[in-house]
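# Survey of secondary and tertiary structure
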Number of protein chains: 2
Amino acid sequence: IKKDDIEQFREQFFELHPYEQAQFYEKVTPPIRQKIYYYLSPQELAEVFQALEIDDDTYVEFLNEMDVSYAAAMLSEMNTDDVVDVFHELDDEDRTQYLTLMDDETAEEIHELMQYADYTAGAIMTTEYVSINENSTTRMAMNILRNEAPTAETIYYIFIMNMKKQLVGVISLRDLIVAGENVLIRDVMNERVVSVQASDDQEEVAQIMRDYNFLALPVIDEHKTLLGIITVDDIIDVIDEEAEDDYSKLAGISNFDNFEQGPFAAAKKRLPWLVMLLFLGMLTASLMAQFEDTLDAVAILAIFIPLISGTSGNSGTQALAVAVRGLATKDASNDESKMRLLLRELSTGAIMGLLCALVVTGIVYFWKGELIIGMLVGVAMCCSIIVATLAGSLIPLMMDRIGVDPAVASGPFITTLNDITSILIYLGLATAFIL
Amino acid sequence: IKKDDIEQFREQFFELHPYEQAQFYEKVTPPIRQKIYYYLSPQELAEVFQALEIDDDTYVEFLNEMDVSYAAAMLSEMNTDDVVDVFHELDDEDRTQYLTLMDDETAEEIHELMQYADYTAGAIMTTEYVSINENSTTRMAMNILRNEAPTAETIYYIFIMNMKKQLVGVISLRDLIVAGENVLIRDVMNERVVSVQASDDQEEVAQIMRDYNFLALPVIDEHKTLLGIITVDDIIDVIDEEAEDDYSKLAGISNFDNFEQGPFAAAKKRLPWLVMLLFLGMLTASLMAQFEDTLDAVAILAIFIPLISGTSGNSGTQALAVAVRGLATKDASNDESKMRLLLRELSTGAIMGLLCALVVTGIVYFWKGELIIGMLVGVAMCCSIIVATLAGSLIPLMMDRIGVDPAVASGPFITTLNDITSILIYLGLATAFIL
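Residues numbered from 1 in each chain as written. Chains lettered and ligands numbered in written order. Predicted model: local features only at pLDDT ≥ 70, side-chain atom pairs only at ≥ 80, totals over all residues. Heavy atoms only, no water.

## Side note on unusual backbone geometry
Residues and elements named next belong to chain A. Threshold: In this text, helices come from DSSP runs of H or I with a minimum length of four residues, and strands from runs of E with a minimum of two, each type numbered from the N-terminal end. The buried label goes to any residue with under 20% of its type's maximum accessible area, the exposed label to any with over 50%, and the partly exposed label to all in between, with areas taken from a 1.4 Å probe on protein chains only.
Within the chain, lysine 224 stands out as a residue other than glycine whose phi angle is a positive 65 degrees. Its place among the elements puts lysine 224 in the loop between β5 (216-220) and β6 (226-231). Lysine 224 gets classed as partly exposed once you look at its relative accessible area, which sits at 45%.

Below, the structure is given as structure tokens:
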């Protein structure tokens, strides 16, 4: 496939799916990519480029390999949402250069899309939609579709405008086909259009797509003017992104290091959390130092510390995960349901605490023959589990309340916090009742 | 909307989207649902029923509210993949009853779909696809689409068969429209069909859908016969399911309790892990008991135990999360890349360990003035972090190797395991060098 024969290359290349073309383009050496730039038109490469799934830096690298006017021509042919993604990685100078080389209309569109804040509907929408006036007929709609099919991001929904350019309806290609020819669009369109605002959070958009099983969703402004559409493939990316985000935060990583990165890059991504938690952990140590006398007097106490703090840490992580997922899926959106959740977690913690306390008291008694120590460990464990379960749900709920992403309360953070409270409870009880 | 006027109800009800209809149907009281069964035909209710997003038990409850023949008629009109989901919740007796009341062909299809193992392509596919012979024309294809549009799950892909009923191509409705009328399907179809086997894991199917941005994917058997299709909305459910699964395992919960469930149900879902880890934690305690003399002699040692085990636990959780996600996204599919990953994690652990050791030795020295203890804590922490990072990646990799889902190695499990090793390292070193 690396032959110098342009005809043969093009024939074989176009037998591949865009995803496979992108995989090929990404894997070959720079000199071969130079040949690809020569063999393919900017329009053809645009298809490949928007199917790439690569690191942000790599986009810039690939663009720099190209002739500037070739790159600008290719960017003009890409779907606007993909161009915006690429542009976010460029520095101002490069961006301006490409924008001046692109045709005015596209440049303007992209410039406007760049204004939307990250993680909003506006930032992931594309302007390549198909729209038609409400007074058109179904036959006219089919003709428009035929013309737009090669460039539109989806032709499976047609968005319908009134004379004031306001979005008044939608019709799926399926319904259009069923409706037959020469019917007024107005009479067959769906007037209850579900739409989102450009400033809406991308997670809310994903939830609507999930609920309604749409393939695309219109984005409008306050005057009901259609600004763009969001397609289901972009929403799958959002869902993946949000899931990865929640997951990495539960593990206490700010950002995933992928396997290709070296150990220094990996360590750099994990160390901030680790060191921060180390300092929080020092607080645990300094608290324990206050109980040095107690530990000196009854050394056996120390051996149950990891058990108590570990178990309370685990129950806290569980409660945290349930609360973060619950908030993400909007099971607890109002204050009343949040209160109910807290009460439920309190009861759940009490049930689990009592049960674990019984188990652990029994074990300590039969193993060491120490009933007092056993009961002390049991009571401390019960209290710690209740506190940990409550903290694991209260902290993300509070964060959600003040408008912070609840997933920021990471698993290790909650665990370290619960270390402190459980040790305080355990050694406090021990000092009060045993010494 | 609860009026007794059937006409008015139907008019208002059909203005809603299926998702909103389902929300309404789900929220009203049983007597009102009885009215709905009277007002809507089984075919109309089928649309509502397959848009429901409810607990498994609730499906059974709703079905039991209906007249048996009405329920069977409704099930016949639903997409087969949704019927299969519902049928998995029924007991054998109910299932047989409904199957005998349904028409033979549908019953047979559903019976066959029920045979596929959970979490495979076969279990999530539907048989309502549109197919056509390769020798047809584009005009014939459009006519078929027009006929199938009201019942097919998607009409945006047409699957193309040869005379032996083998899948030989696919054409999107978009390409069909561009191709124009009276062209042979064979000449415009895409011959490189990406397809999956019925036994393929649903996660692999999701990955293909993501990569290729398809709206539907054909499922074939070993003879290349088309068995069914999987649509993008089902894949979104799979992605959600798998993300929730990884997430809950990292938190040590077997299954998410949703907020509606009471504290006993919640505790029941979390206790198995908690108690299992409690017993594993007892191992930590019994190990520490071996070092009772050391702890007795130098009580100050005890105050750094939570710090060391906490930090090593955190670094282990980080490594675990990276490894589980990496395995899920196939960044590390062969043995060579797994080996490379392990080496990288070893180096990452060493870098982080050294840095944390320096920090902690410094703090202990300046805070307590104890250089020896400080160095001991530092060395123990460095070793624990290296071991924890390695364990956090090695265990999921080994699980993947022997064919177990790597996410089974939950965060709390790795953390508890790392508690044991870190305490062993710390108190072992202390006993050897200080006493």
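## Focus on the domain arrangement of chain A
Interfaces are often described in size by the accessible area the parts lose on coming together. Rule in force here: All the domain ranges listed were derived from an automatic or database domain assignment.
Parsing chain A into structural domains produces domain 1 (6-115), domain 2 (131-245) and domain 3 (263-433). Using only C-alpha atoms to locate each centre, domain 1 of chain A and domain 2 of chain A end up separated by 27 Å.

## Topic: the environment of leucine 355 of chain B
Residue and element names in this part refer to chain B. Along the chain, leucine 355 turns up in helix α19 (residues 335-368). Taking the relative accessible area as the measure of exposure, leucine 355 reaches 38% and is therefore partly exposed. With 23 residues separating them along the chain, leucine 355 and glycine 378 place their C-alpha atoms 9.4 Å apart.

## Looking at the interface of chain B and chain A
The condition that has to hold: In what follows, a contact means two residues having at least one pair of non-hydrogen atoms within 4.5 Å. Here the quantity called buried area is the total loss of accessible area, with a 1.4 Å probe, experienced by two parts when brought into contact, counted for both. Within this document, salt bridges are pairs made up of a side-chain nitrogen of Lys or Arg and a carboxyl oxygen of Asp or Glu, the two lying within 4 Å of each other. Polar contacts, as counted here, are pairs of nitrogen or oxygen atoms within 3.5 Å of one another; within protein the pair requires one atom able to donate a hydrogen and one able to accept it, and residues that are adjacent in sequence qualify only if both atoms are side-chain atoms. Amino acids are sorted into nonpolar (Ala, Val, Leu, Ile, Met, Phe, Trp, Tyr, Cys and Pro), charged (Asp, Glu, Lys and Arg) and polar (every other residue, Gly among them).
Residue-level contacts link 112 residues of chain B with 112 residues of chain A. With both sides pooled, the region where chain B packs onto chain A buries about 10,200 Å², and carbon together with sulfur makes up 69% of that total. As a salt-bridge pair, arginine 192 of chain A and glutamate 20 of chain B come within 2.9 Å of each other at their nearest N and O atoms. Inspection of the region where chain B meets chain A yields 24 residue pairs in polar contact (both at pLDDT 80 or more). If you tally residues by element for the side of chain B that touches chain A, the top one is helix α16 (residues 263-290) of chain B, at 18 residues. Its residues placed into classes, the side of chain B that touches chain A shows 67 nonpolar, 22 polar and 23 charged.

## Observations regarding the packing of aromatic side chains
Geometry of an aromatic ring pair is reported as the spacing of the ring centres plus the angle between the planes. So the rule is basically this: Here is the rule: rings of Phe, Tyr and Trp (six-membered ring for Trp) pair when centre to centre is within 6.5 Å. Planes less than 30 degrees apart are stacked, more than 60 are edge-to-face, and the remainder are tilted.
On inspection of all chains with the given rule, the structure shows 35 aromatic pairs over all chains. Here tyrosine 156 of chain A and tyrosine 156 of chain B contribute two aromatic rings whose centre-to-centre distance is 4.0 Å and whose plane-to-plane angle is 15 degrees, an arrangement assigned as stacked. Here the residue tyrosine 156 of chain A occupies a position in the loop between α11 (138-148) and β2 (157-161), and tyrosine 156 of chain B occupies one in the loop between α11 (138-148) and β2 (157-161), the pair thus bridging two chains. Like tyrosine 156 of chain A, the residue tyrosine 156 of chain B is buried in the burial classification. Note on tyrosine 212 of chain A and phenylalanine 214 of chain A: the rings are 5.1 Å apart at their centroids and 5 degrees apart in plane angle, and the pair reads as stacked. Residue tyrosine 212 of chain A shares its accessibility class with phenylalanine 214 of chain A, and that shared class is buried. Through successive ring pairs, a cluster of aromatic residues spans Phe9, Phe13, Phe14, Phe24, Tyr38 and Tyr39 of chain A.

## What to know about the pattern of salt bridges
Proximity of charged atoms lets side chains of opposite charge pair with each other. The tally for this structure, following the rule as stated, stands at 20 salt bridges over all chains. Between aspartate 400 of chain A and lysine 338 of chain A there is a salt bridge, and its shortest N-O distance comes to 3.1 Å. Here the residue aspartate 400 of chain A occupies a position in helix α20 (residues 371-401), and lysine 338 of chain A occupies one in helix α19 (residues 335-368), the gap between them amounting to 62 residues. As a salt-bridge pair, lysine 249 of chain B and aspartate 245 of chain B come within 3.0 Å of each other at their nearest N and O atoms. Linking lysine 249 of chain B with aspartate 245 of chain B, this pair stays in helix α15 (residues 232-250), spanning four residues, or about one helical turn. By relative accessible area, aspartate 245 of chain B is classed as partly exposed at 24%. One salt-bridge network, in which partners are shared between bridges, spans Arg270 of chain A together with Arg344 and Glu345 of chain B.

## Looking at the packing of α19 of chain A against α16 of chain B
How we decide: Axes here refer to lines fitted to C-alpha atoms; in helices the fit is confined to the stretch in contact. Angles between the N-to-C directions go from 0 to 180 degrees. For classification purposes, an angle smaller than 35 degrees is called roughly parallel, one larger than 145 roughly antiparallel, one from 65 to 115 roughly perpendicular, and anything else oblique. Handedness of a crossing follows from how the near helix is turned relative to the far one, being left-handed for an anticlockwise turn of less than a right angle and right-handed for a clockwise one.
Following both chains from N to C, one finds α19 of chain A and α16 of chain B inclined at 30 degrees, their axes separated by 9 Å at the closest point. Classified by the interaxial angle, the pair formed by α19 of chain A and α16 of chain B is roughly parallel. Classified by chirality, the crossing of α16 of chain B by α19 of chain A is right-handed. Residue composition of the contact of α19 of chain A with α16 of chain B, grouped by class: 19 nonpolar, three polar and four charged.

## Overview of the environment of alanine 265 of chain B
Residue and element names in this part refer to chain B. By the element assignment, alanine 265 lies in helix α16. Classification of alanine 265 by relative accessible area gives partly exposed; the value is 31%. Between the C-alpha atom of alanine 265 and that of glycine 310, which follows or precedes it by 45 residues, the distance is 30 Å.

## Some thoughts on the side chain of threonine 154 of chain A
As for its position among the elements, threonine 154 of chain A is in the loop between α11 and β2. There is a polar contact of 3.1 Å between the side chain of threonine 154 of chain A and the backbone nitrogen of tyrosine 156 of chain A.

## Looking at empty space enclosed by the protein
Threshold: Cavities and pockets were defined on a 1 Å grid built from protein atoms only: a cavity is a group of points that admits a 1.4 Å probe but offers it no way out, a pocket is an open group of points flanked by protein on both sides within 12 Å along at least five of seven lines, and a lining residue is one with an atom within 4 Å of any such point. Grid points are joined across faces, edges and corners, and a volume is the space filled by probe spheres set on the points.
Under the criterion given, the structure shown has eight cavities of 30 Å³ or more. Considering only enclosed or pocket space, the largest cavity measures out at about 200 Å³ in volume. Along its surface, the largest cavity is lined by 21 residues, and Ser309, Gly310 and Asp419 of chain A together with Thr415 and Asp419 of chain B are the ones closest to its centre. Looking at the lining of the largest cavity, the elements with two or more residues in it are α18 (305-328) and α21 (411-433) of chain A together with α16, α18 (305-328) and α21 (411-433) of chain B. For the lining of the largest cavity, the leading source of residues is α18 of chain A, giving seven residues. Here the lining of the largest cavity is built from residues that sort into five nonpolar, 14 polar and two charged. Taken as a whole, the second largest cavity encloses approximately 140 Å³ of empty space. Thr317 and Thr415 of chain A together with Thr317, Gly411 and Thr415 of chain B are the residues nearest the centre of the second largest cavity, which is lined by 14 residues in total. Broken down by secondary-structure element, the contributors of at least two residues to the lining of the second largest cavity are α18 and α21 of chain A together with α18 and α21 of chain B. When the residues that make up the lining of the second largest cavity are grouped by side-chain class, the tally is four nonpolar, 10 polar and no charged.

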